[in-house]
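Reading the structure
Listed below, chain by chain, are the residues.
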Number of protein chains: 2
Amino acid sequence: MVSIKEIASDIGVSAATVSNALTGKGRVSKEMVARIKTRAEELGYRPSTAARALKTGQTGILGLVMPDLTNPLFPRIAQTLSQAAETKGLGILIADSRGSAHEQSEALRRLVGRGVDGLLVVPQRGTTPDPMPVPVVVINTASDPLNAVSADHAGGGALVARHIADIGHRRVVILGGDPVSEVQRDRIAGMQAALRPDMQASVFWGDAGVAQAVAEVQAGATAILTTSDLIALRMRSQLMQAQIAVPEQVSLTGFDDMSFAPIMHPALTTVAQDVDTIAARAIDIITSHIRGETPDTHGQTVPMRLVVRNSTTIPKDQPTRRHLP
Amino acid sequence: MVSIKEIASDIGVSAATVSNALTGKGRVSKEMVARIKTRAEELGYRPSTAARALKTGQTGILGLVMPDLTNPLFPRIAQTLSQAAETKGLGILIADSRGSAHEQSEALRRLVGRGVDGLLVVPQRGTTPDPMPVPVVVINTASDPLNAVSADHAGGGALVARHIADIGHRRVVILGGDPVSEVQRDRIAGMQAALRPDMQASVFWGDAGVAQAVAEVQAGATAILTTSDLIALRMRSQLMQAQIAVPEQVSLTGFDDMSFAPIMHPALTTVAQDVDTIAARAIDIITSHIRGETPDTHGQTVPMRLVVRNSTTIPKDQPTRRHLP
DNA sequence: TTTGGCTGATTAATCGTTAAATCAGGGGGC
DNA sequence: GCCCCCTGATTTAACGATTAATCAGCCAAA
């Protein structure tokens, strides 16, 4: 490994001058800067992150903690986050909090122990991370709007509910996975707010809810709005066993546009998160905090996008009533 | 942050002694070790990873490069790898190679630039990572058996093919996604090797293959063996459109036991990777290499496990012929 | 000619930890 | 009583980069 000293002695100058030339900090003549930079390039110089970290106290590494890495949504977040971080010269160290709030705290502490400059957290359902000695940005939970960035889950719920209303459904089922999850509650709240006065909605939760939903459809409901593609897929299986056709007899929607949504049958109407924007904004906010600035782009929520596929259609036995929004 | 010096002056001893006591390296009396350790604990001492890295040249961080973080299988690998690394006091820095072999090399180089002690690579389809200045362990591609650990894809293929043969199928379709992928070729080779002499198998690839498979089923094939749950799901959609019932008219199998496999309808018979073992072994091998040892556990392949669910059954219009393995 | 200011560079200290070399002192062998 | 060895510590230097403080010239103004 070639160090700053070698470049210095090679050119016949002091190490400090090389450092100044490379970082553009001190006072070095134009020509000298050029000479040093080209020579550094030639020798393939890479600054030692360890030495820099020791001296400056900054590692250039962010910690990423996710509730459960096996969540199918994780890859997209991790990927975009890692790419966004890359553009700012930051690396991402991962950890998962394996289901418990306690493990979440442990993971955060370990990452801090490793000297990360900041933390990105997708919190456990219903938890808020402890205060940490480094900046923290919370993703997908609108706790503290100053250092949180989240998809507009309520808005997404409204989008899909409005779609269902627009194509003529009047009696619907809303199916959530776990009422502890703030995200899911937000989505449902958004759905409910977007329903019209003449509509009727039953809200069910969890595995029991799947069975209840079948009954409700048999009693006349024509659409099922779920808070997750996974729940939608499970619902689809139950409907199949109950010999209820999708979308002919009942429309079905998911949430998150997971990998299998476009290739299941029928292709699932769902709501997609703008993961790129969320990631970019999270990185923006945390880098601002690290530099001690106030981020100009506060954690407003990021709009979601309705993806209409084949699992939703106009209700059977009912005239098409198309309302303008 | 409390440093080694503070503990030293606090107790009235030199910094070197504290370091020796904490790492157990030099010569320190039992009592002194105890005093130092308890005092360090009290003060909440955390060694500076930066300083240690600078001095020893080791960061305690591994780089993980995956072909495409959006692959639904990634989370499980990342999670188990991160947990296995954790037990050895190592952190994991992620990067993805976004589809191209060139990006893969770039990602590797960036991680090396960050000073990782070793690299874990799940290579792009059909590529072999360049030589690197740190130890590299390749996952799921049996290139160099000394520093590679892989699921026994051929064995997995054999498992599922034998299952299909055992329950009486005689004319089958094998459906792969991309012939460039060594993993998929291995799986198919395993399937073919396990077929009986009196069986007949057609191999198709990609999106076109899905349509061909439908035709082949209509011509008399009673089972479709795919190399991925994603392909199986796509196949299922096509079969549905063609009004072919699974498993009544055709049995269907996947690969990898992805999140949706148990909840699709019918629940998918598939082959699961022992991700825990793969991850643990990968970490074992790489830590050995980092310590300069020869790993005792060479990269043998890790057996796969057949998961029988409802998508496979005895062929219709045919006597049940149950053979012993 | 002296003083002051500016430029472009150098010195030296520092971050926290580790490792090799050194040292003080006690006990045992002869 | 002398020498040697062993134990338990200490000194010292180093890892590579950054940064405050300093310094040598040089030019211009007084």
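Residues numbered from 1 in each chain as written. Chains lettered and ligands numbered in written order. Predicted model: local features only at pLDDT ≥ 70, side-chain atom pairs only at ≥ 80, totals over all residues. Heavy atoms only, no water.

**Remarks on the protein's contact with DNA strand C**
The full set close to DNA strand C counts 24 residues, and Thr17 and Ser29 of chain A together with Ile4, Tyr45 and Arg52 of chain B are the nearest of them. Of all atoms in DNA strand C that approach within 4 Å of the protein, 58% are sugar or phosphate atoms. A distance of 2.5 Å separates a phosphate oxygen of DNA strand C from a polar atom in the side chain of Thr17 of chain A. A distance of 3.0 Å separates a base oxygen of DNA strand C from a polar atom in the side chain of Arg27 of chain A. Secondary-structure elements contributing two or more residues to the surface near DNA strand C are helix H2 (15-23) and helix H4 (49-56) of chain A together with helix H1 (4-11), helix H2 (15-23) and helix H4 (49-56) of chain B. The biggest single contributor to the surface near DNA strand C is H4 of chain B, with four residues. Partitioning the surface near DNA strand C into residue classes produces 10 nonpolar, eight polar and six charged. (Near = heavy atom within 4 Å. Polar contact = N/O pair within 3.5 Å; in protein donor to acceptor, adjacent residues only side chain to side chain. Helix = DSSP H or I, 4+ residues; strand = E, 2+ residues; numbered from the N terminus. Nonpolar A, V, L, I, M, F, W, Y, C, P; charged D, E, K, R; others polar.)

**Notes on the relation of the copies chain A and chain B**
Note on the identical chains: chain A maps onto chain B by a rotation of 180 degrees and an axial translation of 0.0 Å, with an RMSD of 0.1 Å. Taken together, the rotation and translation describe the operation of a two-fold axis. Taken together, the interface assignments show that 100% of the residues at the interface of chain A recur at the interface of chain B, consistent with an identical surface on both copies. (Least-squares fit on C-alpha atoms with pLDDT ≥ 70 in both. Contact = heavy atoms within 4.5 Å.)

**What about the pattern of salt bridges?**
Residues and elements named next belong to chain A. The tally for this structure, following the rule as stated, stands at 30 salt bridges over all chains. With its nearest N and O atoms 3.6 Å apart, the salt bridge here joins Glu103 to Arg98. Ionic pairing is found between Arg109 and Glu106, a salt bridge with its closest N-O pair at 3.8 Å. Taken as a pair, Arg109 and Glu106 lie in helix H6 (residues 101-113) at a separation of three residues, close to a single helical turn. (Salt bridge = Lys/Arg side-chain N within 4 Å of Asp/Glu carboxyl O.)

**Observations concerning the sheet that holds strand E7 (residues 200-205) of chain A**
By definition, the strands of a sheet pair up through backbone hydrogen bonds, in either a parallel or an antiparallel sense. Residue and element names in this part refer to chain A. Taking strand neighbours across the sheet as the criterion, the four strands line up as E7-E6-E8-E9 in an open arrangement whose pairing is parallel. Two strands close off the open sheet at either side, each with one partner strand: E7 and strand E9 (251-253). Sheet twist, expressed as the mean angle between neighbouring strand axes with direction ignored, is 20 degrees. Sheet topology places strand E8 (residues 223-226) next to E9; three bridges connect them, and they run parallel. If you follow Ala223 over to E9, its bridge partner there is Ser251. Across the sheet, helix H9 (residues 206-218) is in contact with strand E6 (171-176), E7 and E8; its angle to E7 comes to roughly 150 degrees. (Pairing = 2+ DSSP bridges. Axes fitted to C-alpha atoms, helices over the stretch in contact; angles between N-to-C directions.)

**Some remarks on the packing of aromatic side chains**
Going through the model one piece at a time under the given rule, you end up with one aromatic pair over all chains. Geometrically, the ring pair formed by Phe260 of chain A and Phe260 of chain B is tilted, given 5.4 Å between the ring centres and 50 degrees between the ring planes. In this pair, Phe260 of chain A is assigned in the loop between E9 and strand E10 (270-272) and Phe260 of chain B in the loop between strand E9 (251-253) and strand E10 (270-272), connecting two distinct chains. By the burial criterion, Phe260 of chain A is buried, and Phe260 of chain B matches it. (Phe/Tyr/Trp six-rings, centres within 6.5 Å; stacked < 30°, edge-to-face > 60°. Buried < 20%, exposed > 50% of the residue type's maximum accessible area, 1.4 Å probe, protein only.)

**Considering the nonpolar core**
Counting residues in each nonpolar core, the largest one holds 90 residues, and the members touching the most others are Leu64, Leu81 and Leu120 of chain A together with Leu64, Leu81, Ile92 and Leu120 of chain B. Setting aside chain neighbours within four positions, we find Ile92 of chain B in contact with Ile92, Leu93 and Ile94 of chain A together with Leu62, Leu64, Leu81, Ser82, Ala85 and Leu120 of chain B. Within the second largest apolar cluster, 48 residues are counted, among which are Leu233 and Leu252 of chain A together with Val173 and Val246 of chain B. (Core = buried A, V, L, I, M, F, W, Y, C linked by side-chain atoms within 4.5 Å.)

**Comments concerning the sheet that holds strand E7 (residues 200-205) of chain B**
Residue and element names in this part refer to chain B. Here we have four strands laid out as an open sheet, ordered E7-E6-E8-E9, and parallel in their pairing. Each edge of the sheet is formed by a strand with only one pairing partner; in this case those strands are E7 and E9. The mean inter-strand angle of the sheet, taken between neighbouring strand axes irrespective of direction, is 15 degrees. Pairing between strand E6 (residues 171-176) and strand E8 (residues 223-226): four bridges, direction parallel. If you follow Val173 over to E8, its bridge partner there is Ile224. Packed on one face of the sheet, helix H9 (residues 206-218) meets E6, E7 and E8 and runs near 150 degrees to E7.

**Structural notes on the pairing of E6 of chain A**
Residues and elements named next belong to chain A. By the criterion of burial, E6 is predominantly enclosed, with five of the six residues buried. Bridge analysis of E6 against E7 gives six bridges, and the strand direction is parallel. Looking at the pairing, Gly176 lines up with Trp205 of E7. Crossover E6 to E7 through helix H8 (residues 182-194) is right-handed. (Right-handed = clockwise from strand over helix to strand, strands pointing away.)

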